[in-house]
Amino acid sequence: MPVINLSELCAGLERDERLIGLDPGSKTIGVALSDVRLKVASPYGTLPRKKLAGIAAELQRLAAREGAGGLVVGLPLASDGRMGPAAQAARDWAWAISDAVGLPAALWDETLTTAEVHELLISADISRKRRAAVVDRMAAARILQSALDSLG
């Protein structure tokens, strides 16, 4: 499946199909899910970072259960907007997961997303242990919400 721009991804969705947002980290992958109107992103959960086939199988089950027709994958651009090694790795992973899951994917800039979520949780006086448990799925929701907001 191709990695395409967000507008093309949404144009190719069937009626009432959702998007899955992904924040691929080194240890866990944050997962978020949009509503069927593509207006609101909600944190969904996390997946342990393991072999691609295992992650793909879990995402295929999620997509089938929730009626998802595409993926939005966080792209960690450098602060100057360039693609450094982390962004190149995320892009390559997005291509691979899109092919393995059988859903098209779009990349979305996730610069500072995890840091913003951490700050939000700290300001809400959430314990360090609880922050660790929710930060990845909240970052995925933030990435997906930013993408949805760009659609107007």
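Residues numbered from 1 in each chain as written. Predicted model: local features only at pLDDT ≥ 70, side-chain atom pairs only at ≥ 80, totals over all residues. Heavy atoms only, no water.

Colleague: So what exactly am I meant to see when it comes to the environment of Gly102 here?
Modeller: Its location among the elements puts Gly102 in the loop between α3 (85-101) and β6 (105-109). Judged by relative accessible area, Gly102 falls into the partly exposed class, the value being 36%. (Helix = DSSP H or I, 4+ residues; strand = E, 2+ residues; numbered from the N terminus. Buried < 20%, exposed > 50% of the residue type's maximum accessible area, 1.4 Å probe, protein only.)

Colleague: I keep staring at the pairing of strand β4 (residues 41-48) and nothing clicks. Help me out?
Modeller: Remember that side chains alternate between the two faces of the sheet whenever the strand is regular. Inspection of the sheet shows strand β3 (residues 28-34) paired to β4 by seven bridges, in the antiparallel sense. Counterpart to Gly30 in the pairing with β4 is Thr46. Counting the residues that bridge the hairpin from β3 to β4 gives six residues, and of these Leu38 lies at a positive phi of roughly 60°. (Pairing = 2+ DSSP bridges.)

Colleague: Where do I start with the sheet that holds β4 in this structure?
Modeller: Note: strands within a sheet are paired through backbone hydrogen bonds, in either parallel or antiparallel orientation. Within the open sheet, the six strands sit side by side as β1-β6-β5-β2-β3-β4. Their pairing is mixed. Where the open sheet ends on each side, the last strands, each with one partner, are β1 (3-4) and β4. Pairing geometry for strand β5 (residues 68-75) and β6, over five bridges, is parallel. Among the inter-strand pairings, Gly74 is bridged to a residue of β6, identified as Trp108. Packing of helix α2 (residues 52-66) onto the sheet brings it into contact with β2 (18-24), β3, β4 and β5, and relative to β4 it is tilted by some 150°. Sitting on the sheet, α3 is in contact with β1, β2, β3, β5 and β6, with an inclination near 165° to β5. (Contact = heavy atoms within 4.5 Å. Axes fitted to C-alpha atoms, helices over the stretch in contact; angles between N-to-C directions.)

Colleague: For this particular structure, what's the right way to read the packing of α2 against α3?
Modeller: At a minimum axis separation of 9 Å, α2 and α3 run at an interaxial angle of 60°. Classified by the angle between their axes, α2 and α3 sit oblique to one another. The hand of the α2/α3 crossing is right-handed. From α2, Leu52, Ile55, Ala56, Leu59 and Gln60 reach across to α3, where they touch Trp93, Ala96, Ile97, Ala100 and Val101. Each residue belonging to the contact of α2 with α3 can be placed in one class, and the counts come to nine nonpolar, one polar and no charged. (Parallel < 35°, antiparallel > 145°, perpendicular 65-115°, else oblique. Left-handed = near helix turned anticlockwise from the far one by under 90°. Nonpolar A, V, L, I, M, F, W, Y, C, P; charged D, E, K, R; others polar.)

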